[in-house]
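# Structural features, examined
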Amino acid sequence: MLTDEVKDSFLEELNGAQRQAVTSNAQRLLVLAGAGSGKTRVLVQRMAWLMTEHRVLPHQLLAVTFTNKAAAEMLRRIEKITGNASRLWVGTFHGLSHRILRLHAKEAHLPENFQIIDADDQLRLIKRLIQERGWDDELCEPKRAMGFINRQKDEGKRAQDVSISTLPDVAMFTELYRLYEQHCQRFAIVDFAEILLRVYELWRQNPDILAYYQQRFKHILVDEFQDTNTIQYAWLKLLCTQQNHITIVGDDDQSIYGWRGAKIENIHRFHKDFPDVVTIRLEQNYRSTSTILAAANALIAHNASRLGKELWTQGVVGEPLTLYGAFNEIDEARFIVERIRAWCHGGGSFEDIAILYRSNAQSRVLEQALRQANIAYRVYGGLRFFDRAEVKDVLAYMRLLVNIDDDTAFERVLNLPPRGVGERTLASIRELAQKEQISLYKAAKQYFPSIPLGRISNGLRQFFECIEDMLVQVKMLPLSKLTQHVLEKSGLMQYVKTQPGERTTARVENLHELVQAASQFHQSYDEMFEQTSYHSEDTLPSFLSEVALDAGDREATQESCIKLMTLHSAKGLEFPLVFLAGMEDGLFPHHRCLQDKALLEEERRLCYVGLTRAMRKLYLTYAEKRAFAGLSGVNRPSRFIDEIPSQLIEAMNMNAKIMMPQTSSPKRIALNDDLPFRLGQRVLHQRFGEGVIISGDGSGETARVQVNFANEGRKWLVLAYAKLEPVE
DNA sequence: AACCATCGACTTTTT
DNA sequence: GTCGATGGTT
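The text that follows walks through the structure, step by step, so that each part is easy to find. For every chain, the first residue of its written sequence is number 1, and the numbers climb from 1 along that sequence. Each chain gets a letter, beginning with A, and each ligand a number, beginning with 1, in the order they are written. Totals for whole chains, interfaces and linings use all residues, but because this is a predicted model, local features are given only for residues with pLDDT of at least 70 and pairs of side-chain atoms are given and counted only at 80 or more. Each side-chain value is worked out from all heavy atoms of the structure, with water and hydrogens disregarded.

## Focus on the overall build of chain A
Stated formally: Only DSSP runs of H or I reaching four residues or more are called helices, and only runs of E reaching two or more are called strands; each is numbered from the N terminus. Exposure classes here rest on a 1.4 Å probe applied to the protein chains alone. A residue is buried below 20% of its type maximum, exposed above 50%, and partly exposed in between. The contact definition used throughout considers only heavy atoms, calling two residues in contact when any of these lie within 4.5 Å. Using a 1.4 Å probe, the Shrake-Rupley method yields the accessible areas, and only the shown protein chains count as cover for residues.
Counting secondary structure elements, chain A contains 28 helices and 21 strands. Of all 728 residues assigned to chain A, the portion counted as buried reaches 55%. Across chain A, every contact between residues at least 6 apart in sequence was considered, and the portion connecting residues at least 24 apart equals 74%. Accessible area of chain A: about 33700 Å², with a carbon and sulfur share of 50%.

Listed below in structure tokens is the structure:
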């Protein structure tokens, strides 16, 4: 445990508010932790404090995070302080819920071998169900259907709970939801949202099980509380009793996941549900210069609905923010490269630097410029390891070995590598499966004898032989050997090697990496259960679950390179030098958010997150003209720039004379003050109806605007001819 | 059944 | 500009 010496030293290093938060005896504690205020540290130390001062045992603590990365980091730090955290429950909502489902599979009405499917597989399944139901996927768009189903689940609703609606879409989606529920239940598959909903229902229906967890967890701690959705809140609330304690940590100003169901209101709800909440604000920032904080504070002050919080620092004033208005996106990239060079000339290093942007598509031009300048960079947030197609293919074979009724896995690998069993054959198998109400694999087996000898029958036999051989090997080989075997026996490795394309090497490497991952998992599994598993029967199901719930951030931490990522993925990180690129109305704030006050406030919070990533120096850049999505548009600098006090910003115009072609100067006049139109303006057109101006071009008689019409889509209109009327 | 060309769409992302 | 889906061709 903790020595007194260590204990004293860690309390000494805390400021007043932090110490209060660490040592509070409140039963319901809310810590409003601003960016860079030492939030994780407080959480970790509070847990250490509880374990020492209040003799709370490790297994009586529950710590919930949103990402595996955050959970791993927290665990690492607790272990470092206390030396023993093995029985501590630290994990994501999904990870913890999954653990509970495995422990109580029977009571949760799930078979032991249930498997988790990811969003990709979920979409495939939904597509298939739409087809089977005989609906047109133009009418019943799979993506929207999936969104609907997941939204219902996130709200805690089953198909039967969805209120009857006269809207045709809702009725259709609800019916699909019911079919989807049936399918998943019958074939033992569980999607991400289901994991949480199942545990919630398990607790509701089994008071004894709930009571066990309520009594066991004396202290519950939740990180990033502003990102909880309805079901997560309900999940937590069930665990809370008069006897146990809960600490929630969050920052309403950094809530940027409203679009996927996160509810800031949960913080208010917490106050309502627990009248005795003690609130502590962590407002001292240890990250940024006071100039950067002043900018961030001023920006976020424009949001109406806030709990209120203002960051301050004892640190230096630092340099002003630098604003650069580029002629176009290429010029913007060039400017950034030039500033990176200057930074490194001044003794800075590449790893200090991050370029942040609103949408992934912006990275391309930046990457080009960086490559040209020979600057090492890494783009974050691409496809994650376990999402790579070739990796998922192998995993699909392995999923079939655990659950032969896993239709999604079956469909994925039936003809992979190609063995002559195509769409037609699959359709026949599907038909039989639906008629007999059996899984695709069983249907295929049944269907097989009726096929005339030939290419198709050969291919199918080959497939069966392959699967049956693997089913035997599961009982013989350890996990890594089995993975290797699946790679060879399926012919996937061979196939990937012979496929043309530049990515061949990377794909082969990924497959080797997967064997490596399996081997690692195997080892840690054996360590955990103090045994040696000679075959994969036990380890494979856990491996697959782990893989499904873990994005696999196994990227080698690059040496010295600059980082490119979206503002969303930058949350929680910090960099000495930050560029916020693409500060243009329409891009950031995104044009889809311009109309709606709540959405605009979320964009502003996103900007706040961006600003507060910077420790020492912050650049804001925008491009007057940007080629985006194939067409070029003229943009106004982001309104967020106007919301930062101008004395904090220094405008910089590099080589303005050379780089700005003459055509660029009168451009913005068309959309400026003298005309009744501006970007984001709602307008009415006689024929096309109502729409929103999304960009403009030219001036005077040739001035034209691009309007996004509700019914007609995007159109370019010359102002002189199209009689547009502004709409309030 | 497998491959290639053309068309259109296009925030943000974890589990 | 790039990815994915679709449709026609071999």
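Further notes follow.
## Re the packing of aromatic side chains
So the rule is basically this: Two aromatic rings, drawn from Phe, Tyr or Trp (for Trp, its six-membered ring), form a pair once their centres lie within 6.5 Å of each other, and the interplanar angle then sorts them: stacked below 30 degrees, edge-to-face above 60, tilted otherwise.
What the rule picks out here adds up to 24 aromatic pairs. Ring centres of phenylalanine 270 and phenylalanine 274 lie 5.2 Å apart, and the angle between their planes is 55 degrees; on these two criteria the pair is classed as tilted. Relative accessible area serves as the criterion here: at 1%, phenylalanine 270 is assigned to the buried category. Exposure remark for phenylalanine 274: the relative accessible area of 10% places this residue in the buried category.

## Focus: helix α14 (residues 329–345)
Applied cut-off: Helices are assigned an expected span. That span is 1.5 Å times one less than the residue count. Within 3.5 Å is the distance limit for a polar contact, defined as a pair of N or O atoms, with the added protein rule that one can donate a hydrogen and the other accept it, and that residues adjacent in sequence qualify only through two side-chain atoms.
With 17 residues, α14 should reach 24 Å at 1.5 Å per residue; the first-to-last C-alpha distance of 24 Å fits that figure. Buried within α14 are the following residues: Glu329, Asp331, Glu332, Ala333, Phe335, Ile336, Val337, Arg339, Ile340 and Trp343. If you check the start of α14, you find a side-chain oxygen 3.0 Å away from the backbone N of isoleucine 330, and it comes from asparagine 328.

## Quick look at the protein's contact with DNA strand B
To be explicit about the condition: Note on definitions. A residue lies near a molecule or strand when any single heavy atom of the residue is within 4 Å of it. Just so you know the grouping, Ala, Val, Leu, Ile, Met, Phe, Trp, Tyr, Cys and Pro go in nonpolar, Asp, Glu, Lys and Arg go in charged, and all remaining residues, Gly too, go in polar.
Near DNA strand B there are 31 residues, and of these Arg358, Asn360, Arg384, Thr566 and Arg592 occur at the shortest range. Backbone atoms, meaning sugar and phosphate, form 60% of the atoms of DNA strand B found within 4 Å of the protein. Taking asparagine 68, its main chain carries an N or O atom lying 2.7 Å from a phosphate oxygen of DNA strand B. Here a phosphate oxygen of DNA strand B sits 2.5 Å away from a polar atom, N or O, in the side chain of arginine 384. Elements with a contribution of two residues or more to the surface near DNA strand B: α18 (423–436) and α25 (567–570). For the surface near DNA strand B, the leading source of residues is α18, giving three residues. Residues that form the surface near DNA strand B fall into these classes: nine nonpolar, 14 polar and eight charged.

## What to know about the packing of helix α13 (residues 290–300) against helix α26 (residues 597–611)
Here is the rule: Lines fitted to C-alpha atoms define the axes, with helix axes restricted to the stretch in contact, and inter-axis angles between N-to-C directions lie between 0 and 180 degrees. Orientation is classified from the angle alone, with under 35 degrees giving roughly parallel, over 145 giving roughly antiparallel, 65 to 115 giving roughly perpendicular, and any other angle giving oblique.
At a minimum axis separation of 9 Å, α13 and α26 run at an interaxial angle of 175 degrees. For the element pair α13 / α26, the angle class is roughly antiparallel. The segment α13 lies against α26, with Ile292, Ala295, Ala296, Leu299 and Ile300 engaging Arg604, Arg605, Cys607, Tyr608 and Leu611. Along the lines of polarity and charge, the residues of the contact of α13 with α26 split into eight nonpolar, no polar and two charged.

## With respect to the pattern of salt bridges
Cut-off, in case you're wondering: Think of a salt bridge as a Lys or Arg side-chain nitrogen and an Asp or Glu carboxyl oxygen that are within 4 Å of each other.
Counted under the stated rule, the structure contains 49 salt bridges. Notably, a salt bridge pairs aspartate 405 with lysine 442, separated by 3.1 Å at the nearest N-O pair. Within this pair, whereas aspartate 405 is found in the loop between α16 (389–402) and α17 (407–413), its partner lysine 442 is found in helix α19 (residues 440–447), the two being separated by 37 residues in sequence. A relative accessible area of 16% means that aspartate 405 is categorised as buried. Note on lysine 442: relative accessible area 40%, which makes it partly exposed.

## Here's the deal with the pairing of strand β2 (residues 61–65)
The condition is simple: Strand pairing is assigned whenever DSSP identifies at least 2 bridges connecting the two strands.
Counting buried positions along β2 gives five out of five residues, so the element sits mostly inside the fold. Across the two faces of β2 the burial is the same, with Leu61, Ala63 and Thr65 and Leu62 and Val64 all buried. Pairing between β2 and strand β6 (residues 219–222): four bridges, direction parallel. Across the sheet, valine 64 pairs through a bridge with valine 222, a residue of β6. Relative to strand β3 (residues 89–92), β2 is paired through four bridges, and the arrangement is parallel.

## Focus on the environment of aspartate 251
Mapped onto the fold, aspartate 251 is located in the loop between β7 (245–250) and α12 (265–273). What makes aspartate 251 buried here is its relative accessible area of 2%. The sequence separation of aspartate 251 and phenylalanine 225 amounts to 26 residues, and the corresponding C-alpha distance is 7.6 Å. With residues near it in sequence (within four places) discarded, aspartate 251 still touches Ala33, Gly34, Ala35, Gln226, Lys309 and Tyr608. There is a polar contact of 2.9 Å between the side chain of aspartate 251 and the backbone nitrogen of aspartate 253.

## Focus: unusual backbone geometry
In terms of backbone geometry, most residues other than glycine have negative phi values and most peptide bonds are trans. Cis geometry is adopted by the peptide bond preceding proline 417, which originates at leucine 416 and carries an omega value of -5 degrees. Along the chain, proline 417 falls in the loop between α17 and α18. Phi at arginine 55 takes a positive value of approximately 55 degrees, unusual for a residue other than glycine. Its location among the elements puts arginine 55 in the loop between α3 (39–53) and β2. Residue glutamine 437 is not a glycine yet carries a positive backbone phi of 55 degrees. Following the sequence through the fold, glutamine 437 ends up in the loop between α18 and α19. Glutamine 437 sits in the partly exposed class, given a relative accessible area of 43%.

## Description of helix α8 (residues 168–186)
Taking 1.5 Å of rise per residue, 19 residues should cover 27 Å, and α8 covers 27 Å from first to last C-alpha, within 8% of that figure. Looking at the packing, one finds that the buried side of α8 touches α6 (119–132), α7 (142–154), β5 (189–190), α9 (192–205) and α17. Positive phi shows up at alanine 188, right after α8, with a value of about 60 degrees.

## Concerning the nonpolar core
Cut-off, in case you're wondering: Nine residue types can take part in a nonpolar core, namely buried Ala, Val, Leu, Ile, Met, Phe, Trp, Tyr and Cys, and a core is a set of them joined through side-chain atoms within 4.5 Å. Domain start and stop positions are those given by an automatic or database domain assignment.
Ranked by size, the top nonpolar core spans 66 residues in total, and within it Leu62, Trp203, Val222 and Trp235 carry the most contacts. Looking at this core, you find at least three residues from each of domain 1 (4–104 + 197–284) and domain 2 (115–187). With 53 residues, the next largest nonpolar core counts Phe385, Leu416, Leu460 and Phe521 among its residues.

## Considering the pairing of strand β1 (residues 28–33)
Summarising burial for β1: six of the six residues are buried, a large majority. Judged by which residues are buried, β1 turns out to be covered on both faces: Arg28, Leu30 and Leu32 on one side and Leu29, Val31 and Ala33 on the other are all buried. Bridge count for β1 against β7 is five bridges, and the pairing is parallel. For leucine 30, the partnering residue across the bridge sits in β7 and is isoleucine 248.

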